[in-house]
Structure formats: structure tokens, C-alpha cells
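Residue-level structure breakdown
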Amino acid sequence: MSKEIFTAKTFFDNLKEKRLMGSKCKECNALFVPSRPVCLQCGSTNLEWIESKGEGSLETFTVIHVPPVSLLTKAPYVVGIVRLDEGVSIMGRIIDVDPTEPEKIELGMRVKVVVIEENEKTVLAFKPFTTRST
Amino acid sequence: MSLARGVSLVGAGMTRFHHRIHQDKSGRELFNEAAEKAIESVDGGIDRRDLQAVFVGYFTPEAYEHQGHIGAQVTDWLGLCPVSGWRTESACASSAYAFLTGVLAIASGLYDVVLVGGVEKMTELSTEQVTDALSMAACDDYELPPGATFPGLYALLAQAYFKKYGATWEQLQAVPIKSHHNGSLNSNAQFQEEIIDIGNRWGARRGLSFKDNMEVLKSTLNRMVAYPLRLFDCCPISDGAATAILAADDVAKKYTDTPIKIKGVSATTDNLAIHDRTSLTSLRATVEAGKRAFSMAGMKPKDVDVADVHDCFTIAEILAIEDLGFFKRGEGIRAVEEGITSLKGDIPINTDGGLKCKGHPAGATGVGMIHEIWKQLRGEAGKRQISNAEIGLLHNVGGDGASCVVSIFSR
Ligand SMILES: [Zn+2]
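An account of the accompanying structure is given in this report. (Residues numbered from 1 in each chain as written. Chains lettered and ligands numbered in written order. Predicted model: local features only at pLDDT ≥ 70, side-chain atom pairs only at ≥ 80, totals over all residues. Heavy atoms only, no water.)

1. So, the overall build of chain B
- Of the regular secondary structure elements, chain B holds 16 helices and 11 strands.
- Taken along the three principal axes of its C-alpha coordinates, chain B extends 55 × 45 × 45 Å.
- Here chain B holds 411 residues, and the buried ones make up 64% of them.
- Relative to all contacts within chain B whose residues are 6 or more apart in sequence, the contacts with residues 24 or more apart total 75%.
- Of the roughly 14400 Å² of accessible surface on chain B, a fraction of 49% belongs to carbon and sulfur atoms.
- A gap of 4 Å separates the mean positions of the 41 positive and 50 negative side-chain charges of chain B. (Helix = DSSP H or I, 4+ residues; strand = E, 2+ residues; numbered from the N terminus. Buried < 20%, exposed > 50% of the residue type's maximum accessible area, 1.4 Å probe, protein only. Contact = heavy atoms within 4.5 Å. Areas by Shrake-Rupley, 256 points an atom, 1.4 Å probe, with all protein chains shown as cover. Lys, Arg positive; Asp, Glu negative; His and termini not counted. Charge placed at Lys NZ, Arg CZ, Asp CG, Glu CD.)

Below, the structure is given as C-alpha cells:
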């Protein structure tokens, strides 16, 4: 049985196709998004690809006013860490929120994955969504 | 666990850290300037040919000076060839790693006396280009594409801290207010003015005047960098170099009657990307390095008389003083507000003005902090001297906490 190879390229190739991929430890079930090759919990290298549903809640955010050179025209923009429903966190751009009114951006709000193409790069982003209760 | 052979500081010297005054000098020229001061600082004198190796931290010379091969570059310019020259890189903790590597080299028995230090020549580039260079400390695969910057990463930690402990940005301002006071007493500091004085100086050009520090900090002069962190929450871009001379305990007395002993050292790492870490309100690398260094020294946080901790951003100082065990979780901000970390407090923190005011030439910072501990423990810190300081602590962080060095020194 050959082992999976978890590269950033494979992660971004999948993201381009709107799949947020991670790796799951076959020994202890620990989950990692993005994928990584060694389990941080038990040290195993026996992991498999899994796809995240891509929904979660906003754990923390910032509004970038002094950006890197490549994003000079985009600032101010919002970057956050999202706690995925599967229980792991990941960083992404937060879109469809107003960077000029950060006090209105709520920690804990529900967000889901969107993929943006920028400067010839595939960028992981999240946008707010509401789940309608019936 | 202890060092197989004891190591002491017998000299230290630094350039002033600054954004303008060193513009016409290169990195190695700054390093030489600091090294000459360290050589002069040795009580009993030292022949430079006694230096058997040089360990130098420089974070991104490739970006600033289009220069690699830093070990040979500095031994050459110091006139020390053919001794070995070692460059260490661990982002903003690069020179603490140089220090630690020097300690290990002496403890191993390979050398008796070495020069350690660091340098960064940052003002060659624009602010945005420096932002790019500093961001190399973050995870290029997963943190940079969304647009995270260095201040942005700490802003994420600040927001998480505020949420968890109900703290506010206003409370956090006790940190730069203290730093600017301490910096005003340090002739090596980049900024030697209280915030109110800077505010009124800048404001005069725009017809603004201010009554107190907080009014300046809440004004438009204090522009947003990465919400909620503003300009005065951030350390500046600086040029500078700092060095120290280490000697084995058994030869240190040849150079001084009062060597500063290295009692505990530790270096640690954590996940590079902050989203992979176990906490957003604590740096595990600091917690672990602190525990190990205290254990080696056989000491506890309450034994420390003076500490230089890594305050690249205001929130970083709060995380550091909690993670090192000086204060309980969630109580760091109030401790700073109450003056417990001021020059007159129970545990003075960043008596030199911290990275915020002393400046932060990334590769030079760790040994720049050791320079302050050296001054304090020898009673040579002038107006900012802590009386009877016997135990000092260094805490230097790489990036936003993916690496850390803690070291404990005693008189
Ligand atoms: Zn596992």
C-alpha cells in the first residue's frame, strides 16, 4: 500500500476546484486542514485525504491597512481565522464584510468557503452566510 | 539538566537602534561598530585575537542588502579570519539563537571565548517592502496568500485575547505609554520621547495639540496598521547591531571580576502557522522555553528582578508576561495598567523601552536585549537602573511565536 503524499500543490489544486482538503490520521483520527504529512497528536505518518464541508465560525479577524506589496490596491481588507465545524482552524480572507466598520464584524458569525483567484494565485476565503431555521 | 561547562557574559556593546542615523552604513559596518563597543566594555581588556569564533544573527540580509554568507562577511570585516563565522536565522530571534549557539559552543569545550551578536539593516527598503521581508517569518503556503502581514498576525491574537478576557484596546495602551517613558531614559533607544511630546511635535504641523498620552493615541496621528493595532502598537523599522562576548567560567576571571553568569537557556519552536496552534491567547514556544530555562536555573518567575521580553506589538508583551509566569492568564494587561511592570514596580519589564522604543532591527534584537540585562545586572543602567538587580531574564521571539529563546542571567 503506497502512502499518500500531502503537498501544498495538491491542496491548492483541489481548492481551485472548490474542495477544501485536509488529512486525517488513520491511527488516532486527528484531523488537519490544510493537510499535513505527520500527525501532530500521535506522530503517525499514516494519514488519508479528507474533504472539509467548508463551513465554520469566525474565531478572530483583523483588517489589514498596511498590506504587502502584492496587495497594495486591495487594502483595507479583512483576514481571519475560521474554526471549521470539523473542529480545526484555518486562515482565510474574509469577504462580504465591511472593512471600514470592523466593530460590526462579529466573532462567532457563521462563514463558508469561497475561492478567489488573485495575482495568479488561488486564495482561500470565507463569506458570511445564514442558516435558515424552520 | 545543565550546561556541561559554565558560560558567562564578559562584555556587551550595541549601536543605537535607529531609522535614520545609520542610513549610510552597511550591515557589517554596523556589526563592527557594536563589536568594538563590546571589546571596549571588557573590564580587564581583551585582545580581539582571543575571540575564537563569531556567531551572528541576521534575519533577511538577502532582502535588505542582497548579501548572503554573513558568517564570513563579519569575521572578515572584524579582521578575525580564519576563525569560524556562523550565521543563525530564526526570524526576530536570530541573535538570541546566535547567543545560544555561542553558549553551546563554549559548553562543548570547542572554544573558550566567542563573540555573539546580530544585525539588521532594514531602512534600505520601503515600508511595504519591509512588510514583505518580515512576512517571510510566517507560513508562505497558508498564511500569506490570504494577505496576513506581521502586524496582522498579532492583531489576530489581540482580538482573540480581547474576546477571551473582555480586555480592550484602550487598556492595552498602558504598554506603549510605559515603553516610551523607559525609552526616554535610554540613549541607545530609537525613540527617546514620551508619547505626549511626540504627539504635540507631530501635531504642531497640523494645528493639533494634546493634553495627555491617551488623547494622542486616540487621534488620527495614530493611524491604523492592522485593526485593532495602530502605529503606536507596533515596533518601528530600525537599523542596528548588538554584540556580547561570552567566556567559559574558568577563563572569565581573566577578563572581569564580575562576569554575568548564564544560569538557564532554552530554545523552542511551535507550529509556523498560527491557525495550527493550540491557543490564540498564548505562545506555546514561550511557555515551554520559560519552563525549561527556569528549571535549568533552579529558579521561579518571582526570583527575576528585571526582564526584557519580546514586545514587537503591544499584545506580544501581554502574552509574554503571562506565558513566562509573571502574571496569571488574563491579568497581564491590568498588571501593566497598575504599574507593576514599570521601573518602580515589582517586576520591571523592558526597562530599555522595549522593541517599541529601543527599536527592532530584527536580527539584532535578542542580543540588544541581553545588552540591557548586562547593564542592569552591573548597575550601569543610569536613570532607568533597577536597584539591586541580581537576576535578569531574556525572552526573544521569532516571528509570531514559532520560535523562542529564554535565558536567565545572574550577577
Ligand atoms: Zn494520529
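2. A closer look at the pattern of salt bridges
Residue and element names in this part refer to chain B.
- Across all of its chains, the model carries 33 salt bridges over all chains by this definition.
- One salt bridge connects aspartate 250 with arginine 5, and the closest N-O pair in it is separated by 3.3 Å. Of this pair, aspartate 250 sits in helix α11 (residues 249-252) while arginine 5 sits in the segment before β1 (7-14), placing them 245 residues apart in sequence.
- Using a relative accessible area of 45% as the deciding quantity, one classes aspartate 250 as partly exposed. (Salt bridge = Lys/Arg side-chain N within 4 Å of Asp/Glu carboxyl O.)

3. Let's talk about the pairing of strand β8 (residues 121-128) of chain A
Residues and elements named next belong to chain A.
- Sheet analysis places strand β6 (residues 89-94) next to β8, joined by 2 bridges and oriented parallel. Of the residues in β8, the one forming a bridge with arginine 93 is alanine 125.
- Inspection of the sheet shows strand β7 (residues 110-118) paired to β8 by 8 bridges, in the antiparallel sense. Of the residues in β8, the one forming a bridge with glutamate 118 is lysine 121.
- Once β7 ends, the chain turns through 2 residues before running back antiparallel as β8, passing asparagine 119 with a positive phi of about 50°. (Pairing = 2+ DSSP bridges.)

4. A closer look at the interface of chain A and chain B
- Contacts between the two partners involve 35 residues from chain A, matched on the other side by 30 residues from chain B.
- Both sides together, the interface formed by chain A and chain B hides about 2700 Å², and carbon and sulfur atoms give 65% of it.
- Linking chain A with chain B are 12 residue pairs in polar contact (both at pLDDT 80 or more), by the criterion used here.
- Elements represented by at least two residues in the side of chain A that touches chain B include exactly α1 (8-16), β4 (55-64), β5 (77-84), β6 and β8 of chain A. (Buried area = accessible area lost by both parts, 1.4 Å probe. Polar contact = N/O pair within 3.5 Å; in protein donor to acceptor, adjacent residues only side chain to side chain.)

5. Re the sheet that holds strand β3 (residues 47-52) of chain A
All names here are of chain A.
- Overall, antiparallel pairing links the 3 strands, which are arranged β2-β1-β3 in an open sheet. Strands at the two margins of the open sheet, each flanked by one partner only, are β2 (31-32) and β3.
- Bridging between strand β1 (residues 20-25) and β3 involves 6 bridges; their strand directions are antiparallel. Each residue of the ladder has a partner; that of lysine 24, found in β3, is glutamate 48.

6. Concerning the nonpolar core
- Membership of the largest hydrophobic core comes to 151 residues, with the highest contact counts inside it found for Phe99, Tyr154, Ile245, Leu246, Phe326 and Phe409 of chain B.
- The dominant element in this core, judged by the number of residues it contributes, is helix α6 (residues 150-165) of chain B, at 10 residues.
- With 28 residues, the next largest nonpolar core counts Phe11, Val63 and Val97 of chain A together with Tyr227 of chain B among its residues. (Core = buried A, V, L, I, M, F, W, Y, C linked by side-chain atoms within 4.5 Å.)

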